[in-house]
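Listed below, chain by chain, are the residues.
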Amino acid sequence: MSSVNRHPSVHPMTNRQLFLSHIAQTSPSPIAIEMVKAQGIKMWDADGKEYIDLIAGFSVANIGHSHPKVIDAVKEQVEKYMHLIVYGEFIETPQVSYAKLLTDHLPKTLNSVYFTNSGAEATEGAMKLAKRVTGRSKIIAFNKAYHGSTQGALSVMGDEYWRNSFRPLLPDVYHLDYGSDEAIETIDSDTACVIVETVQAESGVNKPSREWLASLRKQCDKHCNLLIFDEIQAGFGRTGSLWAFEQFNVVPDILLLGKALGGGMPLGAFIADKKLMKTLSNNPVLGHITTFGGHPVSCAAGKAALEVLLESGWIAEVKYKEKLFIQYLKHEKIKAVRSAGLWLAVEFESFEFCKAVIDKCIEKGVITDWFLFAPNCLRIAPPLTIKEEEIKHVCNIIVSSLEEMTVKRNSIST
Ligand code: PLP
């Protein structure tokens, strides 16, 4: 210790300065608001300013922030035990009962849950499972897909700009256009798996056709490879049904869950048939290992959140609320609105314009953002609990921001 040259700062730093100095940043322009409280669809910053959360922490807070039943479940579990041992050794009731609740609400072939720390780890586990089951290495993925930021997940991410600096990545990965016939034709007997988002998120909310997803399923069946659906953003009622795949009538071999899965706590999962999952217990044994995956507190929180969601009736209101957003979001600057339930991408002419709208909305107390592969699109993915009058209010704020920007631009150009 004595050889470590420490430089404690002489002048006390503000939290903002500490954030910028000591929290590793990968964003050149973080929002950097210090929130001190979040409840339902609202957040409050250190100055007491109120915000409406229009993105639900990127589709995590589907039942709103700090639901009392989730808080009680967390407290109850913390008082019993937190971490005990690496994943899958002891019987931990929060994991077992959450896996039971999840599989009770899934098709019967999706009956075995491997809980992970995150969505990216769920992607990693699923790709390993597909390789182990099929003995093959070829993976088919899609342009503009996002499955996580670790190196395996990055290999199947569908944008070269984001991948390029981290090569070499996984070999034998092929990226095709989402919705293309070419993708179906590329699936062959060398293919281990096809990994696809049921509704593509970061391209700015794109729904596939039912026929296309059905063709993927058919081709995977023909060549005995595994179909993986990533519902890390699309799951838990976001699109108007508990799982997005229900609306397409196609069941995957492996389902990826994350985000809302933990009810605000970190949790991911890959879910498959026990017959497939069993292969991870031999040749080699411990085919996937995680210390904190399926943390008991995360599982207790996630189970409480899912129970609230199932009892609430909010999912049944999603399509109606989606229509309200579409009805209210009318302005000459809006080029298109794409949506899948309470998940909308509002398209503008450029990233610069979209960013200016986002900044204006935040200034007016509405938290929103853009999409990774569609930076000209504004993200709307509020807690499913959002009320009709709140939808009207936030749409007014977006449209009035557009109005102010249009007036300002016109006055600059005259
Ligand atoms: N898959 C999708 C569709 C996602 O949106 C995300 C995260 O944004 C992930 C996977 C990765 O999840 P995580 O950030 O928990 O690793």
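Look above for the structure.
Residues numbered from 1 in each chain as written. Predicted model: local features only at pLDDT ≥ 70, side-chain atom pairs only at ≥ 80, totals over all residues. Heavy atoms only, no water.

Draft legend 1. View of the pairing of strand β2 (residues 42-45). Of the two faces of β2, the one holding Met-43 and Asp-45 is buried and the one holding Lys-42 and Trp-44 is not buried anywhere. Pairing analysis gives four bridges linking strand β1 (residues 35-39) to β2, with the strands arranged antiparallel. The residue of β2 that forms the bridge with Met-35 is Asp-45. Taking the residues that link successive antiparallel strands as the turn, the β1-β2 hairpin has two residues, and the phi of Gly-40 there is positive, at about 60°. Here three bridges tie β2 to strand β3 (residues 50-53), and the two strands are oriented antiparallel to one another. In the strand pairing of β3, Trp-44 is matched with Glu-50. (Buried < 20%, exposed > 50% of the residue type's maximum accessible area, 1.4 Å probe, protein only. Helix = DSSP H or I, 4+ residues; strand = E, 2+ residues; numbered from the N terminus. Pairing = 2+ DSSP bridges.)

Draft legend 2. Summary view of the sheet that holds strand β6 (residues 173-176). Across the sheet, seven strands lie side by side as β4-β10-β9-β8-β7-β5-β6; this open sheet has mixed pairing. In this open sheet, the two strands that pair with only one neighbour each are β4 (112-116) and β6. Pairs of neighbouring strands in the sheet enclose a mean axial angle of 20°, with direction left out of account. Examined bridge by bridge, strand β9 (residues 254-257) and strand β10 (residues 268-272) share three bridges and lie antiparallel to one another. Its bridge partner being in β10, Leu-255 is matched across the sheet by Ile-271. Sitting on the sheet, helix α4 (residues 93-104) touches β4 and β9, and the angle it makes with β4 is about 125°. (Axes fitted to C-alpha atoms, helices over the stretch in contact; angles between N-to-C directions. Contact = heavy atoms within 4.5 Å.)

Draft legend 3. Representation of the packing of helix α3 (residues 68-80) against helix α11 (residues 296-312) within the structure. With their axes 8 Å apart at the nearest point, α3 and α11 run at an angle of 155° to one another. It follows that α3 is roughly antiparallel to α11 by the angle criterion. Viewed along their axes, α3 and α11 form a crossing whose handedness is right-handed. Residues Lys-69, Val-70, Ala-73, Val-74, Gln-77 and Val-78 of α3 pack against Pro-296, Val-297, Ala-300, Ala-301, Ala-304, Ala-305, Val-308 and Glu-311 of α11. (Parallel < 35°, antiparallel > 145°, perpendicular 65-115°, else oblique. Left-handed = near helix turned anticlockwise from the far one by under 90°.)

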